[in-house]
Amino acid sequence: TPAIRAVNLVKIYQSGRGLPVPAVRGVDLTVDPGEFVAIMGPSGSGKSTLIHLLGGLDTRTSGEIWLDGKRADTLSESGWAVLRREKIGFVFQFFNLVTNMTVADNVELPALLGGASPRHARERREYLLGELGLTDRAAAAPAQLSGGEQQRVALARALANQPRLLLADEPTGNLDSRNTRDVLKLLSRVHRQGQTIVLVTHDARVAGLADRVVSLLDGEIVDDGAIVRRRGPG
Ligand code: ADP
Ligand code: ADP
């Protein structure tokens, strides 16, 4: 069963006046469990729209989305909220951290909401903040952090609940090269541990970690570069 599958997915933005904007035009995409797919393409090609559709943050115009073999595009907003709590970690471009909670609480919250014990949530938070070089920022409020730190906290939060699927929109978009390296290391580590990842990136180093790079142009997949990795000799 694919981790996520889009079938003839279409999103047309209807603005009040002016012409409708077709942002995603008939995308078919299948991602297997444990696979790491990078979505690339020029600005305006529909990457953000596609990743938002896959996480239920935007409603499709037509087409189907399947998560773990279950139809998801027909879910209500609250149905998607449950999916995002239980199965999907999402890293947004604008972080969406809870401003009146500490970094530690921001990262622990999804695990606690997902039913983890306080001890397990704390251990997972300590691990993730450690991996991302944020241990000494745990007691800070998001507003005290740099953009790069906020972005790494958002990644830690998305992974806190050990989601079946990690979706990310430009997870290294605002990072300098050292912080990018920490994010790359963590992404490749969780990928080795079996994490399914679908992300949008402009960064060739991020795409270089992926099993597959899917290229969008004008809302369509123009290249689905399935790379068959050789596993061991033979
Ligand atoms: P990318 O992430 O590749 O830059 P987007 O998905 O942001 O592309 O945008 C795809 C197209 O849809 C663009 O033409 C963009 O202007 C348009 N678009 C994106 N969001 C909206 C919106 N909320 N309303 C109208 N048009 C939008
Ligand atoms: P991205 O880097 O993801 O393409 P944008 O700067 O295009 O981001 O979009 C930022 C926000 O503006 C998003 O929420 C997107 O949905 C919205 N947006 C993008 N293009 C349009 C548009 N043509 N009309 C209305 N909203 C848009």
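To keep things clear, this report deals only with the structure shown in the data block. The structure displayed is predicted, hence computed values, not measured ones.

**A look at the environment of Ala38**
Okay, step 1: You can see Ala38 is positioned in strand β3 (residues 36-40).
Okay, step 2: Judged by relative accessible area, Ala38 falls into the buried class, the value being 0%.
Okay, step 3: Sequence separation of Ala38 and Val10 is 28 residues, and the distance between their C-alpha atoms is 19 Å.
Okay, step 4: Excluding its chain neighbours within four sequence positions, the residues that come into contact with Ala38 are Leu199, Thr201, Ala207, Ala210, Arg212, Val213 and Val214.

**A word on the packing of helix α3 (residues 103-113) against helix α5 (residues 147-160)**
Okay, step 1: Packing of α3 against α5 leaves a shortest axis separation of 7 Å and a crossing angle of 25°. It follows from the interaxial angle that α3 and α5 lie roughly parallel. Relative to α5, α3 is oriented so that their crossing is right-handed. Where α3 approaches α5, its residues Val103, Asn106, Val107, Pro110 and Ala111 are matched on the opposing element by Val153, Ala156, Arg157 and Ala160.

**Details of the site of ligand 1**
Okay, step 1: Around ligand 1 sit Tyr13, Val21, Ala23, Pro42, Ser43, Gly44, Ser45, Gly46, Lys47, Ser48 and Thr49, and that is every residue in its neighbourhood.
Okay, step 2: A distance of 2.7 Å separates an oxygen atom of ligand 1 from a polar side-chain atom of Lys47.
Okay, step 3: One of the side-chain nitrogen or oxygen atoms of Thr49 is found 2.5 Å away from an oxygen atom of ligand 1.
Okay, step 4: Breaking the shell around ligand 1 down by element, the ones donating at least two residues are β2 (21-31) and α1 (47-54).

**Quick word on the side chain of Asn179**
Okay, step 1: With respect to the helices and strands, the residue Asn179 is situated in helix α6 (residues 177-192).
Okay, step 2: Assessed through its relative accessible area of 9%, Asn179 is described here as buried.
Okay, step 3: Separated by 3.4 Å, the side chains of Asn179 and Arg152 make a polar contact.

**Describing the side chain of Glu149**
Okay, step 1: Within the secondary structure layout, Glu149 lies in helix α5.
Okay, step 2: Classification of Glu149 as buried rests on a relative accessible area of 17%.
Okay, step 3: Not counting residues up to four positions away in its chain, the partners in contact with Glu149 are Leu134 and Arg137.

What counts, and at which threshold
- Residues numbered from 1 in each chain as written.
- Chains lettered and ligands numbered in written order.
- Predicted model: local features only at pLDDT ≥ 70, side-chain atom pairs only at ≥ 80, totals over all residues.
- Heavy atoms only, no water.
- Helix = DSSP H or I, 4+ residues; strand = E, 2+ residues; numbered from the N terminus.
- Buried < 20%, exposed > 50% of the residue type's maximum accessible area, 1.4 Å probe, protein only.
- Contact = heavy atoms within 4.5 Å.
- Axes fitted to C-alpha atoms, helices over the stretch in contact; angles between N-to-C directions.
- Parallel < 35°, antiparallel > 145°, perpendicular 65-115°, else oblique.
- Left-handed = near helix turned anticlockwise from the far one by under 90°.
- Near = heavy atom within 4 Å.
- Polar contact = N/O pair within 3.5 Å; in protein donor to acceptor, adjacent residues only side chain to side chain.

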